[in-house]
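# Descriptive structure summary
The residues making up each chain are set out below.
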Amino acid sequence: MKRIEPESIGDVLRLTIQESNMTGRLDEVRAIELWPEVIGTGMAKRMSRPRVSSGVMVVYVDSAPMRQELNMQRTRLIKLLNSRVGKEVIKEIRFK
């Protein structure tokens, strides 16, 4: 029987994630986790947890004036999120 060199668990997981094309979804989850940091924890408590699908983040906001303010800051928020993740993951944010 041929002996195979041991591999680290991290390397095996990384390879599995790449082969199954899960990197995009993991980046979206990372953006969701970073949202309270970017927006501020006080404001994040007044919103639903964001959902991301195909680069579009959807956030439900309980206040119309706050939703309007966030709409005006949308471009800046997208840039901040993407810079924190390290790549362009979020293409659009919709506040509802």
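The rules behind the values
- Residues numbered from 1 in each chain as written.
- Predicted model: local features only at pLDDT ≥ 70, side-chain atom pairs only at ≥ 80, totals over all residues.
- Heavy atoms only, no water.
- Helix = DSSP H or I, 4+ residues; strand = E, 2+ residues; numbered from the N terminus.
- Rg over C-alpha atoms; globule rule 2.2 N^0.38 Å.
- Buried < 20%, exposed > 50% of the residue type's maximum accessible area, 1.4 Å probe, protein only.
- Contact = heavy atoms within 4.5 Å.
- Core = buried A, V, L, I, M, F, W, Y, C linked by side-chain atoms within 4.5 Å.
- Pairing = 2+ DSSP bridges.
- Expected span 1.5 Å × (residues − 1).

Further remarks concern the overall build of the chain. For the chain, the helix and strand inventory stands at five helices and three strands. Listing the helices and strands of the chain from first to last along the sequence gives α-α-α-β-β-α-α-β. For a compact globule of 96 residues, the expected C-alpha radius of gyration is about 12 Å, and the chain comes in at 18 Å, more than 25% above that figure. For the chain, the spread of C-alpha atoms along the principal axes amounts to about 70 × 20 × 20 Å. Among the 96 residues that make up the chain, the fraction classed as buried is 31%. A sequence separation of at least 24 residues applies to 54% of the contacts in the chain between residues at least 6 apart.

For the rest of this paragraph, the subject is the nonpolar core. Trp35, Met57, Ile90 and Ile93 are the most contacted members of the largest nonpolar core, which totals 22 residues. When residues of this core are traced back to their parent elements, those giving at least two are α2 (23-39), β2 (56-59), α4 (64-72), α5 (74-85) and β3 (92-95). The element best represented in this core is α2, accounting for six residues. For isoleucine 90, the residues in contact, after removing those within four places along its chain, are Ala31, Val52, Gly55, Met57, Ile78, Leu81 and Asn82.

Regular strands have side chains that alternate between both faces of the sheet. Side-chain alternation along β2 places Val56 and Val58 on one buried face and Met57 and Val59 on a second face that is also buried. As defined by bridge partners, strand β1 (residues 51-53) adjoins β2 across three bridges and the pair is classed as antiparallel. By the bridge assignment, serine 53 is partnered in β2 with valine 56. Connecting the antiparallel pair β1 and β2 is a turn made up of two residues, with serine 54 showing a positive phi of about 55°. Note: β2 against β3, four bridges, orientation parallel. Within the sheet, the bridge partner assigned to valine 58 lies in β3 and is arginine 94.

This part is about α5. The terminal C-alpha atoms of α5 lie 17 Å apart, and with 12 residues this matches the ideal 16 Å at 1.5 Å per residue to within 8%. Looking at the buried positions of α5, the neighbouring elements they touch are α2, β2, α4 and β3. Of the residues flanking the end of α5, it is glycine 86, one or two places downstream, whose phi is positive at about 100°.

Mapped onto the elements of the fold, glutamine 68 is located in helix α4. Residue classification places glutamine 68 among the partly exposed positions, given a relative accessible area of 46%. When the C-alpha atoms of glutamine 68 and phenylalanine 95 are compared, they prove to be 8.5 Å apart, with 27 residues separating the residues in sequence.

Geometric values such as these leave the question of function open.
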